[in-house]
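Tertiary structure, described
Here is how the chains run, residue by residue.
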Amino acid sequence: MALTCLQIIQAVCKRIGITSPSAVVTSADLQIIQLQAICEEEGQELAARYPWQALQREATFTTVATQVQSTVSSITTGFDYIVNDTIWNRSLRRPVYGPRSPQQWQEAKAMQLNGPFNIFRIIADAINFYPNPSAGESCYFEYLTRNWISTSTASTSPTWTNDADTPLLNDQAIILGTIWRWKQIKGLTYAEDFNKYERKVMDLMNRDAGKQTLSMSGGNRYEINPVILVPTGSFGV
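What this report covers is the structure whose coordinates are included nearby.

Points about the packing of helix H1 (residues 5-16) against helix H5 (residues 171-185)
The geometry of H1 relative to H5 is characterised by a closest axis approach of 10 Å and an angle of 45° between their N-to-C directions. Looking at the two axes, H1 sits oblique to H5. In terms of crossing hand, the pair formed by H1 and H5 is right-handed. For the pair formed by H1 and H5, the contact residues are Ile 8, Ala 11, Val 12, Arg 15 and Ile 16 on the first element and Asp 171, Gln 172, Ile 174, Ile 175, Leu 176, Thr 178, Ile 179 and Trp 182 on the second. A per-class count over the contact of H1 with H5 returns nine nonpolar, two polar and two charged.

Okay, structure coming up:
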C-alpha cells in the first residue's frame, strides 16, 4: 500500500534532518509548506517523464455529424496527451488517423479529400474530424493523465489536497526526488542523491507494466505455434 502524503513528508524530514510534522496540507510551518511544494513538483515532473501505466486512461465519445466533436476536457480527467494511434471508431472498426499538422489539415480541407477514413486534429481543446463523420458512432482512445495523486475523496489531483492522499506513482521515488530537489534549492551537495533517484526511476521505467522478452534470434520464445495437442491416456482402436 502506498504511503500517504503525511508519511512521505515525514520520511523526507527524517532523512534531511528536520522535525517531522504531524500535519502537512494544513501546516503553517514554512519548511513543511516548502517541502509540500517540492514534493508536488517532483510528482508532476515524474508523471510527465514517462507513460506510466498507473496514469493511462481510456476515453470515449459519440460522434456528431459536424467537424467539431467533443472537447477533450469534457471526456477526460487531468488530460495530458493522447497516446498516438489509439483513436479507433469501434462502430466502423477502423482507425481515425492523426493528429494532422495544421499544414496537413488545411491541405486536406482545401483538396476536399473525402476518403472513407477520418483524420483528426485537436483545436482549442476540441477534437476535430475530417471529413465529417456520421452521427452516433462510438470512438475510443487512450490518454495520459496529469493527476498523479489519488485523493482521500476517491478522485485524482495533480497536487496534495489532504494528508491522507496517496500517490499513484512509486512513493519511494517521490521521497528520493523530493530529497534531492530540496538539497538543490538549499544549495547543498545533491549529486549522489540525484544519482540514487535516477537509478530508482530507471528501474521503475524498465519494469512498469511488464516488458516483453526480446529474442536476438527472432520470434518470441513464448509464442505457441499451431499444433495438434494429444492428451495422455489410453485410447480405443
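A look at the side chain of Asp 171
Examined against the element boundaries, Asp 171 turns out to sit in helix H5. The charged side chain of Asp 171 is buried without a salt bridge, its nearest counter-charge being Lys 200 at 7.2 Å. Reaching out from Asp 171, the side chain makes a polar contact with the backbone nitrogen of Leu 3 at a distance of 2.8 Å. The contact partners of Asp 171, leaving out residues within four places of it in the chain, are Met 1, Ala 2, Leu 3 and Ile 8.

Considering unusual backbone geometry
Following Gly 98, the chain continues into Pro 99 via a peptide bond in cis, with omega recorded as 5°. Along the chain, Pro 99 turns up in the loop between strand S5 (94-95) and helix H4 (102-111). With an omega of -10°, the peptide bond running from Tyr 130 to Pro 131 counts as cis. By the secondary structure assignment, Pro 131 is in the loop between strand S7 (126-130) and strand S8 (138-145). Non-glycine residue Arg 93 carries a positive phi angle of around 55°. The topology assignment puts Arg 93 in the loop between strand S4 (88-89) and S5. Phi angles above zero are rare outside glycine, and Ala 124 is one such case at about 50°. Given a relative accessible area of 75%, Ala 124 falls into the exposed group.

Some remarks on the sheet that holds strand S2 (residues 68-71)
Sheets are built from strands that pair by backbone hydrogen bonding, the pairs being arranged parallel or antiparallel. Spatial ordering of the open sheet is given by S2-S7-S6, a layout of three strands whose pairing is antiparallel. Of all strands in the sheet, those bounded by a partner on one side alone are S2 and strand S6 (119-123). Direction aside, neighbouring strands of the sheet carry axes that sit 25° apart on average. In this sheet, S7 lies alongside S2 in antiparallel orientation, the contact comprising two bridges. Within S7, the residue paired with Val 68 across the bridge is Asn 128. Each of S6 and S7 is contacted by H4, which is oriented at about 125° to S6, the strand it contacts most.

Topic: the sheet that holds strand S10 (residues 156-157)
Ordered by their spatial adjacency, three strands build an open sheet running S10-S9-S11, and the pairing between neighbours is antiparallel. Two strands close off the open sheet at either side, each with one partner strand: S10 and strand S11 (166-167).

Description of the environment of Ala 37
Looking at the secondary structure, you find Ala 37 in helix H2 (residues 30-49). Taking the relative accessible area as the measure of exposure, Ala 37 reaches 43% and is therefore partly exposed. In sequence terms Ala 37 and Thr 178 are 141 residues apart; their C-alpha atoms lie 9.4 Å from each other.

Some details on the nonpolar core
Ranked by size, the top nonpolar core spans 34 residues in total, and within it Leu 35, Leu 46, Trp 52, Trp 148 and Leu 169 carry the most contacts. At the level of secondary structure, the elements contributing two or more residues to this core comprise H1, H2, H5 and helix H6 (191-207). The element best represented in this core is H1, accounting for eight residues. Beyond its immediate stretch of four places on either side in the chain, Trp 52 contacts Leu 46, Ala 47, Leu 144, Leu 169, Val 201, Leu 204, Met 205 and Asp 208.

Overview of H2
The end-to-end C-alpha separation of H2 is 29 Å, in line with the 28 Å expected for 20 residues at 1.5 Å each. Residues of H2 that are buried make contact with H1, H5 and H6. The opening residue of H2, the one whose side-chain oxygen lies 2.8 Å from the backbone nitrogen of Gln 31, is Asp 29.

Here is what the cut-offs are and how they apply
- Residues numbered from 1 in each chain as written.
- Predicted model: local features only at pLDDT ≥ 70, side-chain atom pairs only at ≥ 80, totals over all residues.
- Heavy atoms only, no water.
- Axes fitted to C-alpha atoms, helices over the stretch in contact; angles between N-to-C directions.
- Helix = DSSP H or I, 4+ residues; strand = E, 2+ residues; numbered from the N terminus.
- Parallel < 35°, antiparallel > 145°, perpendicular 65-115°, else oblique.
- Left-handed = near helix turned anticlockwise from the far one by under 90°.
- Contact = heavy atoms within 4.5 Å.
- Nonpolar A, V, L, I, M, F, W, Y, C, P; charged D, E, K, R; others polar.
- Buried < 20%, exposed > 50% of the residue type's maximum accessible area, 1.4 Å probe, protein only.
- Lys, Arg positive; Asp, Glu negative; His and termini not counted.
- Salt bridge = Lys/Arg side-chain N within 4 Å of Asp/Glu carboxyl O.
- Polar contact = N/O pair within 3.5 Å; in protein donor to acceptor, adjacent residues only side chain to side chain.
- Pairing = 2+ DSSP bridges.
- Core = buried A, V, L, I, M, F, W, Y, C linked by side-chain atoms within 4.5 Å.
- Expected span 1.5 Å × (residues − 1).

Geometric values such as these leave the question of function open.
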